[in-house]
Amino acid sequence: YYFLFLLYIVMVAIILYINGVFTGQVTDMANLMINLIFLVVIGIMFLISTVSFIRLNRCTDSLLQVTDQIYRAYGSGNHNLWEEYSKKKQPFGDEVLDDAFLRYQKRMRNYQTKRGLVGSCDIEEYINESLINRVAKTYFNSAISGTMTGLGILGTFIGLSIGLGSFNGNDIYTISENIGPLLEGMKVAFHTSVYGIFFSLVFTFVYRGIMSDAYEKLENFQNAFRQ
């Protein structure tokens, strides 16, 4: 996800360059301000997503670490590990996972009798994709791609409105005088559409890769724990 910020910085630099900020030849402040506002909104969304991605990585790294511990512990003695894990406190070192595992332990204690376990439940009932989705804030991140595409379309209409609002005249002479403002408005429309769709595509690719990796680590842990 750090790749998102690299592309974001590059895109901001391109927009500033196109608008003449680096050369000191800003031709249209309205165009520049609209682009900056849209880029700030996208930057804020990226920051919120990054916080959730960092939290997700921390969570899934804990799953991976415990998975390795399970395989090492079993490989060294070839004995059932539930007796050990039924009493472990905070085995993950992650608040969300430890809370879910604590509830799992309590559920399993309900099956414990003097004659042993009379039943069991799957770890997937507590540590599952729903938990991963909650940590990753999928309700927010899954809507970002569509939101950025929508911002691009909104920018298109704003740019066209600006250009057409300054366009007036009934003959060829007055129309030619208004071509400049019309083109400036179209520039806003073009720029916002391009980076809105561009960021949407890139974010979708990055987000799906992150979630796929998280689900794979979750599945590896579930398989190890069941074994």
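Further up the page is the structure itself.
Residues numbered from 1 in each chain as written. Predicted model: local features only at pLDDT ≥ 70, side-chain atom pairs only at ≥ 80, totals over all residues. Heavy atoms only, no water.

Colleague: Can you break down helix H1 (residues 2–18) residue by residue, with the values?
Modeller: When the terminal C-alpha atoms of H1 are compared, their 25 Å separation across 17 residues agrees well with the 24 Å that a helix rising 1.5 Å per residue should span. Buried within H1 we find Leu4, Leu7, Tyr8, Met11, Val12, Ile15 and Leu16. A positive phi of about 80 degrees marks glycine 20, the residue just after H1. (Helix = DSSP H or I, 4+ residues; strand = E, 2+ residues; numbered from the N terminus. Expected span 1.5 Å × (residues − 1). Buried < 20%, exposed > 50% of the residue type's maximum accessible area, 1.4 Å probe, protein only.)

Colleague: Could you give an account of the environment of isoleucine 42, naming the residues involved and the relevant values?
Modeller: With respect to the helices and strands, the residue isoleucine 42 is situated in helix H2 (residues 29–77). In this structure isoleucine 42 comes out as buried when scored by relative accessible area, which is 1%. In the structure, isoleucine 42 is positioned 105 residues away from threonine 147 in sequence and 9.1 Å away in space, judged by C-alpha atoms. Contact partners of isoleucine 42, with chain neighbours within four places excluded, come to Tyr8, Met148, Leu151, Tyr195 and Phe199. (Contact = heavy atoms within 4.5 Å.)

Colleague: Can you lay out the environment of asparagine 128 for me, pointing to particular residues and giving the numbers?
Modeller: Tracing the backbone shows asparagine 128 in the loop between strand S2 (116–117) and helix H5 (129–135). Relative accessible area serves as the criterion here: at 16%, asparagine 128 is assigned to the buried category. Through-space distance from the C-alpha of asparagine 128 to that of alanine 100 is 9.7 Å; in sequence the pair is 28 residues apart. A distance of 2.8 Å separates the side chain of asparagine 128 from the backbone oxygen of glutamate 124, its partner in a polar contact. (Polar contact = N/O pair within 3.5 Å; in protein donor to acceptor, adjacent residues only side chain to side chain.)

Colleague: Describe the nonpolar core, and please don't skip the residues or the numbers.
Modeller: Core analysis: the largest hydrophobic core is formed by 56 residues, its most contacted members being Ile42, Phe101, Tyr104, Ile127, Ile132, Phe199 and Phe221. Taken together, the elements giving at least two residues each to this core come down to H1, H2, helix H3 (82–85), helix H4 (95–109), H5, helix H7 (144–165) and helix H9 (179–226). Looking at which element gives the most residues to this core, the answer is H2, with 14 residues. Each residue touching phenylalanine 221, except ones within four places of it in the same chain, is listed here: Leu63, Val66, Thr67, Ile70, Phe92, Ile123 and Ile127. (Core = buried A, V, L, I, M, F, W, Y, C linked by side-chain atoms within 4.5 Å.)

Colleague: I'd like a rundown of the layout of surface pockets, residues and numbers included.
Modeller: If you add up the space inside the largest pocket, you get close to 470 Å³. Along the wall of the largest pocket there are 18 residues; nearest its centre are Asn80, Trp82, Phe225, Arg226 and Gln227. Elements that contribute at least two residues to the lining of the largest pocket include exactly H2, H3, H4 and H9. Tallied by class, residues from the lining of the largest pocket come to 12 nonpolar, four polar and two charged. There is about 160 Å³ of room inside the second largest pocket. Around the second largest pocket, the lining residues are Trp82, Glu83, Ser86, Lys87, Gln105, Met108, Arg109, Gln112 and Leu117. Contributing elements (two or more residues each) for the lining of the second largest pocket: H3 and H4. Residue contributions to the lining of the second largest pocket peak at three residues, all from H4. Of the residues in the lining of the second largest pocket, the class split is three nonpolar, three polar and three charged. (1 Å grid on protein atoms, 1.4 Å probe; cavity = no way out; pocket = protein on both sides within 12 Å on 5 of 7 lines; lining within 4 Å. Points joined across faces, edges and corners; volume = space filled by probe spheres on them. Nonpolar A, V, L, I, M, F, W, Y, C, P; charged D, E, K, R; others polar.)

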